[in-house]
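This is what each chain is made of:
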Amino acid sequence: MSIATTDTLEKNLTEWELLALNSELNVSDGHPRQSLSAAQTRIIADLPEIFAQCGREHPADIEREAVRRYMSLVKQSSYPADRVLLCYASSVAMEILARALVLETNRCALLHPTFDNIPDLLRGNGMEVVPVGEEVYETGILPDEVLRNVGCVFLTTPNNPTGRVLPELQLADIAAQCREADVVLALDTCFRSFDTRAQYDHYRVLEESGCRWVMIEDTGKIWPMHELKVGMLLHSANVGLNLAKIHSDILLAVSPVIMRMVDRLAEDAASGGISDLHAHIAHNRSIVHQELAGVPGLSFPYSDNLISVEVVDLGERSAEEVWEELRAQNVFLLPCEAFYWDAPEEGAHQLRISLARDSERIRWAMQSLAQVLSR
Ligand SMILES: Cc1ncc(COP(=O)(O)O)c(C=O)c1O
């Protein structure tokens, strides 16, 4: 089993994304940047009233209602309402988990590939990270060698960038193995709102298993709110980690204004907004496929992906070279090497396209990509 270090990678994904942030055509980062729907526009127009109301209400009431509304949207009826730690972002939840874990264990098994700030935060807190391939989502079997040598198994579902979902039966099997081995099972479900297959009641499965579990939820990938979002860190009663203490070392509270907005946005999503979002993402994915259809040598390796990103494999072409050529036209995609944190060469020919954009921008970016690849 190899342990990767960040020295082998030139830039992390966020550094690549930062290069795109002020560009004319940014389809790089996975944060939502499409135009607001009419209903979302009305919620934003209510901000002065939301702001004033927050001064009259107890923050705990607003938080409880917002979390309940989000959990109802993603069908998690068994979540433990008294064990929710709110964070400014899901990365803050991840940092809290890593800081708590390292007090108990120095090794964590982690899905490969996945978003690289997860291994980076684990390693940054002094942990070794051991890769586990996505095949466990099919087999539900963690290798004995892994279970014997780690204190935590960390899985992302749906995964970024592959969209791969951990099904219910396999989650139950993995949770039983973690309970048996006394290993913490941690799940990042930041992209679950895009895929109903990731919306069976995970908390029921985890609680029934009796394992020590941690969940990271996120509203930051759903609504185009200019980074107004909340990350949530939930855990089992028996988790045995100092999560609440470390959370209190870092923050007091997420703004009740954000929590009330989440409440309102989740209410709108449940009454049709989320279906519209799914249709928008599916439409943008079809634009990607249409515009690139005539380009020889391309493939889409993750055909089952429903989340708000799509990966294209360029065949022979190097993703970084193509990225440079697109950058010359002010079009920014994301090279995928860093997702493969244990074997970067596996992503060397892949580019990720963020679909949470207005459709005409996706078309424009894909026409530019097709042109570069046809030269
Ligand atoms: C799977 C996953 N989890 C967590 C994060 C971190 O989200 P944030 O930047 O909002 O903290 C990301 C970022 O894209 C992600 O892809």
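Basis of the calculations
Residues numbered from 1 in each chain as written. Predicted model: local features only at pLDDT ≥ 70, side-chain atom pairs only at ≥ 80, totals over all residues. Heavy atoms only, no water. Helix = DSSP H or I, 4+ residues; strand = E, 2+ residues; numbered from the N terminus. Rg over C-alpha atoms; globule rule 2.2 N^0.38 Å. Buried < 20%, exposed > 50% of the residue type's maximum accessible area, 1.4 Å probe, protein only. Contact = heavy atoms within 4.5 Å. Salt bridge = Lys/Arg side-chain N within 4 Å of Asp/Glu carboxyl O. Pairing = 2+ DSSP bridges. Axes fitted to C-alpha atoms, helices over the stretch in contact; angles between N-to-C directions. Near = heavy atom within 4 Å. Polar contact = N/O pair within 3.5 Å; in protein donor to acceptor, adjacent residues only side chain to side chain. 1 Å grid on protein atoms, 1.4 Å probe; cavity = no way out; pocket = protein on both sides within 12 Å on 5 of 7 lines; lining within 4 Å. Sits in = over half its atoms within 2 Å of the grid points. Nonpolar A, V, L, I, M, F, W, Y, C, P; charged D, E, K, R; others polar.

Okay, the overall build of the chain next. A tally of regular secondary structure across the chain gives 14 helices and 12 strands. Taken over C-alpha atoms, the radius of gyration comes to 20 Å for the chain, in line with the 21 Å a tight globule of 375 residues would show. Over its C-alpha atoms, taken along the principal directions, the chain stretches across nearly 60 × 55 × 35 Å. Scored against the burial criterion, the 375 residues of the chain give a buried share of 57%.

Turning next to the environment of Pro80. Considering the arrangement of structural elements, one finds Pro80 in the loop between helix H4 (59-73) and strand E2 (84-87). Residue class for Pro80 comes out buried when judged on its relative accessible area of 7%. Sequence-distant contacts of Pro80, defined by excluding residues within four places in its chain, comprise Tyr203, Trp213, Leu234 and His235.

Turning our attention to the pattern of salt bridges. On inspection of all chains with the given rule, the structure shows 33 salt bridges. Glu227 is the partner of Arg33 in a salt bridge, and the nearest nitrogen-oxygen pair spans 3.6 Å. Of this pair, Arg33 sits in the loop between strand E1 (25-26) and helix H2 (38-45) while Glu227 sits in the loop between strand E7 (213-218) and strand E8 (231-235), placing them 194 residues apart in sequence. Given a relative accessible area of 39%, Glu227 falls into the partly exposed group. Among the ionic pairs, Asp182 bridges to Arg212, the shortest N-O distance being 3.3 Å. Of this pair, Asp182 sits in the loop between helix H9 (168-181) and strand E6 (184-188) while Arg212 is found in the loop between helix H10 (202-209) and E7, placing the two residues 30 residues apart along the sequence. With a relative accessible area of 47%, Asp182 lands in the partly exposed category. Through salt bridges with shared partners, a single network forms among Glu57, Glu65, Arg69, Arg260, Asp263 and Glu267.

In spatial order, the strands read E2-E8-E7-E6-E5-E3-E4; together these seven strands make up an open sheet with mixed pairing. Unpaired on one side and paired on the other, E2 and strand E4 (128-133) mark the two borders of the sheet. Across this sheet, the average inter-strand angle for adjacent strands is 20°, counted without regard to direction. Where E2 and E8 come together, four bridges link them in antiparallel fashion. Of the residues in E8, the one forming a bridge with Cys87 is Gly231. Lying over the sheet, H9 contacts strand E5 (152-156) and E6, oriented at roughly 145° with respect to E6.

Close to the ligand lie His31, Ala89, Ser90, Ser91, Phe115, Thr156, Asn160, Asp188, Cys190, Phe191, Lys221 and Lys229. Asp188 has a polar side-chain atom sitting 2.6 Å from a nitrogen atom of the ligand. Between the ligand and the protein, one listed contact pairs an oxygen atom with a side-chain N or O atom of Lys221 at 3.0 Å. Taken atom by atom, the bulk of the ligand overlaps the largest pocket. Counted by class, the shell around the ligand contains four nonpolar, five polar and three charged residues.

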